[in-house]
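The residues making up each chain are set out below.
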Amino acid sequence: MSFFAPRFGRSILIDSTNSRQKDGSDDIPTPSRTKLSSLKRPVKGEERVRKRARVEDVASSDSESGSDVEMGDVAAVTSRARRRTVFAMRNTAMMAPSAYTRYHTLPTLAILRSFVSSHKSDAFKCDVLSDVPCRSIPYACSYSNGARHGHMPHLAVAMEQGTVNILDTRKRQDWDFEPQRTLLRPHLNGIFDIKWSPDDTLIATGSGDQTARITTMASSVTSENRTLNVLHGQCSTVKCIAWDPSRNGDLLCTGGRGGSICLWDLRVGEGRHRRAAEIGDGPGVVEPVLVISGAHDDLALRSKRRSKKAASAPSVTSLLYSEYDAHSLISSGSGDGTLRLWDLRALSTSAKATVKALKAAQQPARTSAADPTTLHGARRPRGITSVAPGHGPSAGLLFARSADARVFTYSAASLEPLPGLAGPADEPPPAQPQSTSFYVRLAASPCGRWLASGSACGRAYLFDAGTAGAAAARGPGGYVGAGVEVGGQSGELSALDWAEGMLATCADDGTVRVWRPDAEVHRRCEEDSLEERWNWSWAVSSGAT
């Protein structure tokens, strides 16, 4: 018997589907092959859409009329079909991407609302090297670069007496002993800024003694010999420090209260002992290779006040290296809300140049065209206290905190202020008092999603920075409000910094607190607040939304 012979009087290979009709018959005839021939080869343009719509219409209808479909119906059908596909929804979301962010992110305010801090394991008292017991106030703090990538969370806290506490802020049980801390004293005056080198082997500190010092973290060196270099060149208090991320601990910049920016190269200059008689045989003295005097001194404004002796150049309050311009530095000042970019290769360093020629050669490569602090009915410009760069979802943004407790958003590439504000903007929340202190800082998380701003009332205000680009794209008036506040401390909360999965805050009561997200503990604190307040501090919603 042949395998190709008919069985039960029917052919095995029949032009039909493998389904049954409603009336019980065996087969449903397939569409005619002549009507499907147009799909064998891809057709581009509207002709392809028209032929596909005609085939679908023929296959779904009982009759074989084969009537042509109007172009308006084709457009409507294809439009509805595209809206329902996954790829179409993705293309719709990416149709007008924000010019200020790289990623489309969802709000993460719920994670910020779950931040908690234990009174036993997350609270630290700062030590001082003094024979007389006294309370020491932390002026600045900085997490190591390794802590920002999930490694050992070492936190350096700079104190009023010139000491530095290196804390291990790993999560531990409430009654576990605190890991051993390291105590240094590089200065005999208050330390206003502290930064880790890119490889975490050095720490740079800027003090009120008008010097910056480089301290090694090598365990083989005794505490008395840890200071490697003394950086002389500032004529006033050193307010801010920035390491060059492209160099492994060789180059850094400092900004002073007198308005100057100094560039230091630790590979050269150790033989220039300008004050060798005063320093003696101590650490190597280094002089700057470049000095920018009056970095934020407005010449027009200074000419009006030339007769006033009290007039002085605005302080340099924050420094950071630009991600978009090689060998360039971004600075902010206490005089207004403009940012300036300096091309360090184009600035003149000639010692023989006259003051006028040197001033003409030392001009910023770029300056913010507008001052956002003068908007919204402000009577005078406000200075910037701190600048933080965005990362990840907030890449391409710069966040700057002004002296009146507002947080403004700038474009990192052009330094132009964006219309969307992040933080208390047009109507600051009542829970956040206004502050004119230039000690209060701003910090961005390593993931780039969150910002934290200090205050004068012992509280830190947290908000979602990942949606700041969307707020800027909405146009004037749009901003992301600080929806969460964390407390548990008293006095001015000026210093704070982020590591991966945690936030450290320092207040004038001499305490350091570490905050972590824990939804379960936060739920217990809200359900039984009278009992849990003895064990925890937790985040609460503020007046802003």
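Structure: above.
How each quantity is defined
Residues numbered from 1 in each chain as written. Predicted model: local features only at pLDDT ≥ 70, side-chain atom pairs only at ≥ 80, totals over all residues. Heavy atoms only, no water. Phe/Tyr/Trp six-rings, centres within 6.5 Å; stacked < 30°, edge-to-face > 60°. Helix = DSSP H or I, 4+ residues; strand = E, 2+ residues; numbered from the N terminus. Lys NZ or Arg CZ within 6 Å of the ring centre and 35° of its normal. Buried < 20%, exposed > 50% of the residue type's maximum accessible area, 1.4 Å probe, protein only. Contact = heavy atoms within 4.5 Å.

Caption draft 1: Quick look at the packing of aromatic side chains. Within this structure, the stated rule accounts for six aromatic pairs. Centroid distance Tyr139 to Phe192: 5.2 Å. Interplanar angle 25°. Geometry classified as stacked. Taken together, the positions of Tyr139 in strand E3 (residues 138-143) and Phe192 in strand E7 (residues 191-196) put the pair 53 residues apart, joining distant regions of the chain. Note on Phe192 and Tyr439: the rings are 6.0 Å apart at their centroids and 25° apart in plane angle, and the pair reads as stacked. One end of the pair, Phe192, is in strand E7; the other, Tyr439, is in the loop between strand E23 (421-422) and strand E24 (442-444), with 247 residues separating them in the sequence. Three or more aromatic residues joined by ring pairs make a cluster, and in this case those are Phe115, Trp450 and Trp498. Directly above the ring of Tyr439 sits Lys239, whose terminal nitrogen or CZ lies 4.8 Å from the centroid.

Caption draft 2: The environment of His154, seen in detail. Within the secondary structure layout, His154 lies in strand E4 (residues 154-159). By relative accessible area, which is 30% here, His154 ends up partly exposed. Considered as a pair, His154 and Arg170 are 16 residues apart in the sequence and their alpha carbons are 8.4 Å apart. Residues in contact with His154, not counting those within four places in the same chain, are Ser142, Tyr143, Ser144, Ala147, Ile166, Leu167, Asp168 and Trp196.

Caption draft 3: Quick peek at unusual backbone geometry. At His327, a residue that is not glycine, the phi angle is positive and equals roughly 60°. Looking at the element boundaries, His327 is found in the loop between strand E16 (316-321) and strand E17 (328-333). Positioned with a positive phi, Ala405 is a non-glycine residue whose angle comes to about 70°. Along the polypeptide, Ala405 turns up in the loop between strand E21 (397-402) and strand E22 (407-411).

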